[in-house]
Amino acid sequence: MSKLETNKVSRRDALKLIGVGGAGLLIGATGIEAASEKVSNFFSPSRADASEILPFYGKHQQGILTPAQDFMYLASFNLETSLKADVKNLFKKWTEAAALLSEGKSLGDSDFPSSPPIDTGEAIGLQAMKLTFTFGVGPTFFDKLSIQSIKPSQLKDLPHFSGDNLSDEWNGGDIVIQVCANDQQVSFHGLRNLIRIGRGTVSLKWMQHGFQRSSSADPSGSTPRNLMGFKDGTGNPDTKDEKEMNKHIWVQNGDGPAWLSGGSYLVARRIRIRVEEWDRSSLLDQEQTFGRHRATGAPIGEMDEFAKVDIKKTDDNGKLLIPADSHVALARGKGKIKILRRSYSYTDGLDIRTGKLDAGLLFVSFQRDIEKQFIPMQDKLAKMDLLNEYIEHNGSAVFACFPGVKNGSYIGEGLL
Ligand code: HEM
């Protein structure tokens, strides 16, 4: 369709094409351009504070190196189509919507009062709150679309790890969207509108919310604490170090299929914490479990949170200060394998089967290579970590997150 022809799409059609209210996937590959032109009149002005806006377009996707916002939703979807064209259309619509929402804009209103509004409305008047969207695809995406030849060989379900008690309810998925923001309503609104746009092409498989202390509760921005009371994130690699990010986080040219260069692999593990048992353990036990002091986050025997972790250091009696089977000693190893953890706490109320809290860590990590980074690390932890007494992995998923999107392009363009 020529540019001229796209301009002929009526306002009414454009409103339908943006993808909600049942019109869903009627559009052709260029239809979305028309939709964006036509509906732009209806967007509410960008919400005020520009410092609250993180750019959607760029070399890499947002939400990976972005300092973790206060809230997140991680949503996994099943594809309800086997047609590449349907997915392409959806990805275009998602791209357009995500770009607008990240700027704090509304998806607009229908000018027909008898039609449902395009935007669900609960973010009207709210700031962008550093809203980010991160998109990726899981192993089964390629099977469903019969495009296995371009599936990265390492994009497959993780092996069984000792102690895993996975439940299908929290496993896998064809597509992932991570939505983060410094406001829960803003992040939910972002996800909800993408779910709505996807209706008919994808269905939600599972969705987990996550939180951490809010930035207003800790204006100093110190390392957040997990539900076990410990600072979590101290040992992450430096996201400002481009060399380090290229080495450990971003998939490089030649690593696998070209469409993923500049992207990253996401591993999600829903890890239940037996908080009641943990709360009965002594402070000494707790610190030995992690290998760090609770109050400061410093490695055992040190004062400063960011002091070097020396897993060989001993006390006067020759006893290791950081136990060899502590979480930090095992996760760190020789310090050569690094992943970027971007985890959030979750609470899902009461587990009525046990009368205990269903609470834990929605572990999310980004890495350049799952087989060389996450798997050996988790294998060691699963076998020996003192922390295992208090945790249980009950969900697992892996996704390949696309490289960044250029303005005018759409997520996964290189793949589709
Ligand atoms: C409920 C589960 C988990 C909890 C509560 C937890 C908590 C922590 C805490 C408190 C630290 C020390 C502070 C820090 O450096 O961030 C830490 C470090 C770390 N954790 Fe975990 N973690 C969990 C699961 C995992 C898993 C599944 C992995 C990866 C397979 C992992 C990998 C790491 C790494 C790489 C470090 C940094 C080690 C270093 O180099 O100092 N953690 N974790």
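The sections below set out a description of the structure shown in this document.

What counts and how
Residues numbered from 1 in each chain as written. Predicted model: local features only at pLDDT ≥ 70, side-chain atom pairs only at ≥ 80, totals over all residues. Heavy atoms only, no water. Donors = N, O, S within 2.8 Å, 3.2 Å for Na, K, Ca; no water. Helix = DSSP H or I, 4+ residues; strand = E, 2+ residues; numbered from the N terminus. Expected span 1.5 Å × (residues − 1). Contact = heavy atoms within 4.5 Å. Polar contact = N/O pair within 3.5 Å; in protein donor to acceptor, adjacent residues only side chain to side chain. Near = heavy atom within 4 Å. Nonpolar A, V, L, I, M, F, W, Y, C, P; charged D, E, K, R; others polar. Buried < 20%, exposed > 50% of the residue type's maximum accessible area, 1.4 Å probe, protein only. Pairing = 2+ DSSP bridges. Phe/Tyr/Trp six-rings, centres within 6.5 Å; stacked < 30°, edge-to-face > 60°. Lys NZ or Arg CZ within 6 Å of the ring centre and 35° of its normal. Core = buried A, V, L, I, M, F, W, Y, C linked by side-chain atoms within 4.5 Å. Domains from an automatic or database assignment. Axes fitted to C-alpha atoms, helices over the stretch in contact; angles between N-to-C directions. Parallel < 35°, antiparallel > 145°, perpendicular 65-115°, else oblique. Left-handed = near helix turned anticlockwise from the far one by under 90°. Salt bridge = Lys/Arg side-chain N within 4 Å of Asp/Glu carboxyl O.

Another point: the coordination of the iron atom of the ligand. When a metal carries six donors in an octahedron, the ideal angles between them are 90 or 180 degrees, while four donors in a tetrahedron ideally lie at 109.5 degrees. One donor from the polypeptide reaches the iron atom of the ligand: His-327 (NE2), at 2.0 Å. Along the chain, His-327 turns up in helix 10 (residues 327-332).

To continue, consider helix 11 (residues 370-384). Helix length check: helix 11, at 15 residues, gives a terminal C-alpha distance of 20 Å against a target of 21 Å (1.5 Å per residue), a fit within 8%. Check the buried side of helix 11 and you find it contacts helix 7 (242-248), strand 5 (264-273), helix 10, strand 8 (356-367) and strand 9 (391-401). Its side-chain oxygen at 2.9 Å from the backbone nitrogen of Glu-371, Asp-369 defines the N-terminal cap of helix 11.

This part is about the site of the ligand. Within the structure, the ligand sits among 26 residues, and Gly-233, Gly-235, His-327, Arg-332 and Arg-341 are positioned closest to it. Residue Gly-235 places a main-chain N or O atom 2.7 Å away from an oxygen atom belonging to the ligand. His-327 has a polar side-chain atom sitting 2.8 Å from a nitrogen atom of the ligand. Where the shell around the ligand is concerned, the elements lending two or more residues are helix 10, strand 8, helix 11 and strand 9. Looking at the shell around the ligand residue by residue, the class counts come to 14 nonpolar, 7 polar and 5 charged.

On a regular strand, each side chain points to the face opposite its neighbour's, so the side chains alternate between the two faces of the sheet. Among the 12 residues that make up strand 8, 10 are buried, leaving the element largely enclosed by the rest of the structure. Relative to strand 8, strand 5 is paired through 8 bridges, and the arrangement is antiparallel. Residue pairing across strands places Leu-266 opposite Phe-366, the latter belonging to strand 8. Note: strand 6 (residues 340-341) against strand 8, 2 bridges, orientation antiparallel. Bridging from a neighbouring strand, Arg-341 pairs with Ser-365 of strand 8. Here strand 7 (residues 344-351) runs beside strand 8; their pairing, made up of 6 bridges, is antiparallel. When the sheet's bridge partners are listed, Thr-347 is paired in strand 8 with Ala-359.

So, on to the packing of aromatic side chains. Taken as a whole and assessed by the stated rule, the structure comprises 18 aromatic pairs. Members of the aromatic cluster, joined through ring pairs, are Phe-77, Phe-91, Trp-94, Phe-133, Phe-135, Phe-141, Phe-142, Trp-259 and Phe-402. For Arg-270, the ring lying beneath its charged end belongs to Trp-170, and the centroid distance is 4.0 Å.

This brings us to the nonpolar core. Within the largest apolar cluster, 67 residues are counted, with the highest numbers of intra-cluster contacts made by Phe-91, Trp-94, Phe-133, Phe-135 and Phe-141. The greatest single-element share of this core, amounting to 9 residues, is contributed by helix 4 (residues 84-102). Formed jointly, this core draws a minimum of three residues from each of two domains, domain 1 (3-150 + 169-214) and domain 2 (273-397). Apart from the residues within four sequence positions on either side, Phe-135 is in contact with Phe-56, Gln-61, Trp-94, Ala-98, Val-176, Ile-177, Leu-194, Ala-400, Cys-401, Phe-402 and Ile-411.

Packing of helix 4 against helix 6 (residues 184-198) leaves a shortest axis separation of 10 Å and a crossing angle of 155 degrees. By the angle between their axes, helix 4 is roughly antiparallel relative to helix 6. Note on packing geometry: the crossing formed by helix 4 with helix 6 is right-handed. Each of Leu-90, Lys-93, Trp-94, Ala-97, Ala-98 and Leu-101 in helix 4 lies in contact with helix 6, whose residues at this interface are His-189, Gly-190, Asn-193, Leu-194, Ile-197 and Gly-198. Considering only residue class, the contact of helix 4 with helix 6 consists of 7 nonpolar, 4 polar and 1 charged.

This next bit is on the pattern of salt bridges. Per the counting criterion, the structure on display carries 22 salt bridges. For the salt bridge of Lys-338 with Glu-244, the shortest nitrogen-to-oxygen distance reads 2.8 Å. On the criterion of sequence distance, the pair formed by Lys-338 in the loop between helix 10 and strand 6 and Glu-244 in helix 7 is long-range, its members being 94 residues apart. Judged by relative accessible area, which is 17%, Glu-244 ranks as buried. With a shortest N-O distance of 2.9 Å, Asp-379 and Lys-383 are connected by a salt bridge. Taken together, the residues Asp-379 and Lys-383, both in helix 11 and 4 residues apart, mark about one turn of the helix. On the basis of relative accessible area, Asp-379 is assigned to the partly exposed category, the value being 30%. Linked by salt bridges that have partners in common, Arg-270, Arg-272, Asp-348, Asp-351, Arg-353 and Asp-358 make up one network.

Bringing unusual backbone geometry into the picture now. You will see that Met-129, though not glycine, has its phi angle at about 55 degrees, which is positive. With respect to the helices, strands and loops of the structure, Met-129 is situated in the loop between helix 4 and strand 2 (132-137). In this structure, Lys-130 takes a positive phi of about 55 degrees despite not being glycine. For Lys-130, the position within the fold is in the loop between helix 4 and strand 2. The exposure class of Lys-130 is partly exposed, given its relative accessible area of 26%.

Interpretation note: all reported values are geometric properties and have no functional meaning in isolation.
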